[in-house]
Amino acid sequence: MVSYTLRRLLEAIPVILLVTLIVFLLNAAIPGDPGRTRLGQRADPASVDAYNEARGYNDPLPVQYGRYLWRLFTDFDLGESDVKAGKSVNEILEEAFGVTIRLAIFSMFIALVVGIGAGILSAVRSRTWIDYCSMLVAIMGVSMPVFWLGILMIIYVAPVLGLPRTGFDDTDAYTMFRSLILPAAALGLLSSATIARLCRSAMLDVLTQDYIRTARSKGLGEAVVVLKHALKNAAIPIVTVVGNSFGYLLVGAVLTETVFALPGLGREVVEAIKQRDRELITGGILLMSFVFVGVNLLVDLSYAWFDPRVRDDRN
Amino acid sequence: MTATNRGRSPTQMAFKRLRRNRLAMLGALVVMMVTVLAFFPSWLVPSHADGAGPYGFAEQFRGAHEYQQPPGIPGHPLGTDELGRDVWTRIVYGAGISLRIGLVGTLVALCIGLVLGSIAGFRGGRIDTLISRLTDTFFAFPSLLLMIGILAVFEKPNEIVIFAALGVVGWPGVARIVRGQVISLRGSEFVLGARALGQSDTRILIGHVLPNCLGPVVVVSTLMIAGNILAEAGLSFLGIGLPPPAPSWGRMLVDSKEYWVDMPWMGIFPGLSIMITVLGFNLLGDGLRDAFDPKMKD
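Residues numbered from 1 in each chain as written. Chains lettered and ligands numbered in written order. Predicted model: local features only at pLDDT ≥ 70, side-chain atom pairs only at ≥ 80, totals over all residues.

Participant: Lay out the overall build of chain B in plain terms, naming residues and giving numbers.
Facilitator: When helices and strands are counted, chain B shows twelve helices and zero strands. Moving toward the C terminus, one meets the helices and strands of chain B in the order α-α-α-α-α-α-α-α-α-α-α-α. Out of the 298 residues in chain B, the part that is buried amounts to 50%. Counting contacts in chain B only where the partners sit at least 6 residues apart, residues at least 24 apart contribute 70% of the total. (Helix = DSSP H or I, 4+ residues; strand = E, 2+ residues; numbered from the N terminus. Buried ≥ 20, exposed ≤ 12 C-beta atoms within 10 Å, placed from the backbone. Contact = placed C-beta atoms within 7 Å.)

Participant: Residue-level account of the overall build of chain A, with values.
Facilitator: Looking only at helices and strands, chain A has 14 helices and zero strands in total. Overall, chain A shows an N-to-C arrangement of helices and strands of α-α-α-α-α-α-α-α-α-α-α-α-α-α. Its C-alpha atoms give chain A principal-axis dimensions of roughly 85 × 55 × 35 Å. A buried classification covers 40% of the 315 residues belonging to chain A. Excluding contacts between residues fewer than 6 apart, the proportion of contacts in chain A whose partners are at least 24 apart in sequence is 73%.

Participant: Residues and numbers for the interface of chain A and chain B, please.
Facilitator: How big an interface is tends to be expressed through the accessible area that disappears when the partners come together. Counting residues at the interface gives 39 residues for chain A and 35 residues for chain B. Breaking the side of chain A that touches chain B down by element, the ones donating at least two residues are helix 1 (2–29), helix 6 (129–143), helix 7 (146–161), helix 8 (173–207), helix 11 (235–260), helix 12 (265–275) and helix 13 (278–306) of chain A. Taken together, the residues of the side of chain A that touches chain B sort by class into 32 nonpolar, six polar and one charged. (Nonpolar A, V, L, I, M, F, W, Y, C, P; charged D, E, K, R; others polar.)

Participant: Give me the lowdown on the nonpolar core, citing residues and values where you can.
Facilitator: Ranked by size, the top nonpolar core spans 165 residues in total, and within it A:Leu103, A:Ala186, A:Cys199, A:Met203 and B:Met147 carry the most contacts. A per-element tally of this core places helix 8 of chain A first, with 17 residues. Apart from residues lying up to four places away in sequence, A:Met203 is in contact with A:Gly119, A:Ile120, A:Ala123, A:Ala230 and A:Ala234. (Core = buried A, V, L, I, M, F, W, Y, C linked by C-beta atoms within 7 Å.)

Participant: Provide a residue-level description of unusual backbone geometry, including the pertinent values.
Facilitator: Excluding glycine, residues mostly have negative phi values, and the peptide bonds linking residues are mostly trans. Residues and elements named next belong to chain A. You will see that Ala 261, though not glycine, has its phi angle at about 50°, which is positive. Inspection of the secondary structure puts Ala 261 in the loop between helix 11 and helix 12. Positive phi, close to 60°, is recorded for Arg 276, a residue that is not glycine. Relative to the assigned elements, Arg 276 resides in the loop between helix 12 and helix 13. Its 19 C-beta neighbours within 10 Å are what place Arg 276 among the partly exposed residues.

Participant: Pulling in residues and values, what's your account of helix 8 of chain A?
Facilitator: All names here are of chain A. The terminal C-alpha atoms of helix 8 lie 42 Å apart, and with 35 residues this falls more than 12% below the ideal 51 Å at 1.5 Å per residue. At Leu 180, helix 8 shows its maximal bend, which comes to roughly 40°, and the proline Pro 183 appears one to four places after that position. Among the 35 residues that make up helix 8, 25 are buried, leaving the element largely enclosed by the rest of the structure. (Expected span 1.5 Å × (residues − 1). Bend = angle between axes of the 7 residues up to and from the residue.)

Participant: Please provide a residue-by-residue account of helix 4 (residues 61–75) of chain A, values included.
Facilitator: A turn of α-helix holds 3.6 residues, and therefore any two residues three or four places apart point the same way. Residues and elements named next belong to chain A. With 15 residues, helix 4 extends 21 Å from end C-alpha to end C-alpha; this agrees with the ideal 21 Å at 1.5 Å per step. When you tally the buried positions in helix 4, you get one out of 15 residues, a small fraction of the element. Positioned one or two residues after helix 4, Phe 76 has a phi angle of 45°, which is positive.

Participant: If you had to explain the packing of helix 6 (residues 143–152) of chain B against helix 10 (residues 214–237) of chain B to someone new, which residues and values would you point to?
Facilitator: All names here are of chain B. Packing of helix 6 against helix 10 brings their axes to within 11 Å, and their N-to-C directions diverge by 55°. Between helix 6 and helix 10, the angle is such that the two are oblique. When the axes of helix 6 and helix 10 are compared, the crossing they make is right-handed. Of the residues in helix 10, those in contact with Leu 144, Met 147 and Leu 151 of helix 6 are Ala 231, Gly 234 and Leu 235. Grouping the constituent residues of the contact of helix 6 with helix 10 by class yields five nonpolar, one polar and no charged. (Axes fitted to C-alpha atoms, helices over the stretch in contact; angles between N-to-C directions. Parallel < 35°, antiparallel > 145°, perpendicular 65-115°, else oblique. Left-handed = near helix turned anticlockwise from the far one by under 90°.)

Participant: Residue-level account of the environment of B:Tyr259, with values.
Facilitator: The residue B:Tyr259 is located in the loop between helix 11 (249–255) and helix 12 (265–292) in this model. Residues B:Tyr259 and B:Tyr93, 166 residues apart in the sequence, show an inter-C-alpha distance of 22 Å.

Participant: Talk me through the confidence of the model for chain A; I want residue IDs and the actual numbers.
Facilitator: The predicted coordinates should not be examined in detail at positions where pLDDT is low. In this model, chain A carries an average pLDDT of 86, and 99% of its residues clear a pLDDT of 70 or more. Within chain A, helix 14 (residues 308–312) of chain A has the poorest average pLDDT of any element, 71, and helix 7 of chain A the best, 92. (pLDDT = per-residue confidence, 0-100.)

Participant: Help me get a handle on the environment of B:Val219, residues and values and all.
Facilitator: With respect to the helices, strands and loops of the structure, B:Val219 is situated in helix 10. Ignoring anything within four residues of it in the chain, the contact list for B:Val219 reads B:Gly285, B:Leu288, B:Arg289 and B:Phe292.

Participant: Describe the confidence of the model for chain B, and please don't skip the residues or the numbers.
Facilitator: Residues and elements named next belong to chain B. Model confidence for chain B is summarised by a mean pLDDT of 84, while 89% of its residues fall at 70 or above. Throughout residues 50–65 the model reports pLDDT below 50, and contacts reaching past four residues in sequence, or to other chains, amount to 28 contacts. Reported for the predicted complex are a pTM of 0.87 and an ipTM of 0.85.

Participant: Run through the environment of B:Ser248, naming residues and quoting values.
Facilitator: Residues and elements named next belong to chain B. Within the secondary structure layout, Ser 248 lies in the loop between helix 10 and helix 11. Judged by local crowding, Ser 248 falls into the buried class, with 29 C-beta atoms found within 10 Å. Taking the C-alpha atoms as reference, Ser 248 lies 39 Å from Val 209; in sequence the two are 39 residues apart. The contacts of Ser 248, once residues within four sequence positions are left out, are Gly 94, Ile 97, Glu 232, Ser 236, Gly 241 and Leu 242.

What follows is the structure, encoded as structure tokens:
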């Protein structure tokens, strides 16, 4: 397991380097003069040029990339916002990321409970109306844009439950919970659709295996057979889809934040695009990609943990 | 040989299975309906969605009674929006945008993915490692964010920019599948046979290997169209897709933001259109997967 982990970590290095290169190139390609954006339209050309010179924006691209990497890997410095005076990108993203990650974890929880629950139920009661209904709901969920479900919740659910329609309030845990519940439900329910579909087919696969018949013939209760013997063996595809859904959740969070006016990472990046704040745009993309790479790595490692055969595969 | 027991190719058998799948046929029906809306909008609605005319901008100057009217008033089956434009007209014209972006974005991804995936799979070795690492890298980006980054480079994104962005984000998925298929077919007997006949690599690849990868590629493309339609709607919803007054469904939703609660039809119908269209492609794609790969079916 240790050598497998090390190998996977080593393999992630070139990917991370390429990710930084692509993000750097995007940054360089975004139009606009950083000094001009920062100092305003009326600044004289000499001071704009001095600003760019001082920050190294006039250096050749490879030199800039080297410096970018150095800053990134020595103290994860994502630079300074071109628009928000004096604020570092790290500061802005830290605050916003807190909101996004809370939203993502909260919705992941909803997605897991609903998705695995519905998946198991559909598999155990396969080809009954429970199965057909939950699978119909699931495929509708896969096809529904998260922002539209959000809109429907704002229109129809918020007034009924007396929840705030939009906005984020973190004065205390309760108000924060209240402002996150609808966005998390919208995002989580849609991800649960994918999880439910996969969980169902993985469980159906396992439930026909011989060892399940053995477990039943030993006289074990149905709950033990399903939850202990079957679910554990169906775990690999489920873990993969859960890991992938976490990435989807981060992306969905961007859209959900816009619907519910939450001050998260997605909203910061979208605002940054409208204001041409390139350090903030690329900083946000880079941060999300790193999280994404990290989650995928964890998914792969958990693969190996669940199924020892994966570790030995030397392909 | 009689008609009843004549041989069928695997593709014919797959289509037979597809025709028996009711949900997939429902999906195909939805896809056909959206295609009709997209190609012949003037059959259903009298004027262009963003221009002047009885349903366009000009309407707002004709008196307040035409703005923000609920569904069902004469001439406006789905109501009118904040500028007095007919919601149904805009939805019909929006189908064209959605479908075009879904299809062309997928085609771009297919072209890049097919070329890179088949080279990686067929050649193997160092070029395979290189392409596979590149694929991994693109998978490392959350797709929507990468598209946001690409669109940020352009002052005013047009459809071509969006096609390209969808292609850049979508190709790794195609490349990975094609590479896997090509590797599994590379050593098969018909390839050896073609090689023994002295055919060139390119000819073997295009003439023998790629046609045999068609099933999975068709499946992934259909599902990708659905994903691209959702992605375009998402980008428009974030306000960074096609600029107004294009009647993109996502744009219609975000433009009516202030009215969702009091005039819900502006927030409901464009979203419903997105869902029905995407559902159609997803049902068809699922059906195709079951038909081409019966083992996948539970």
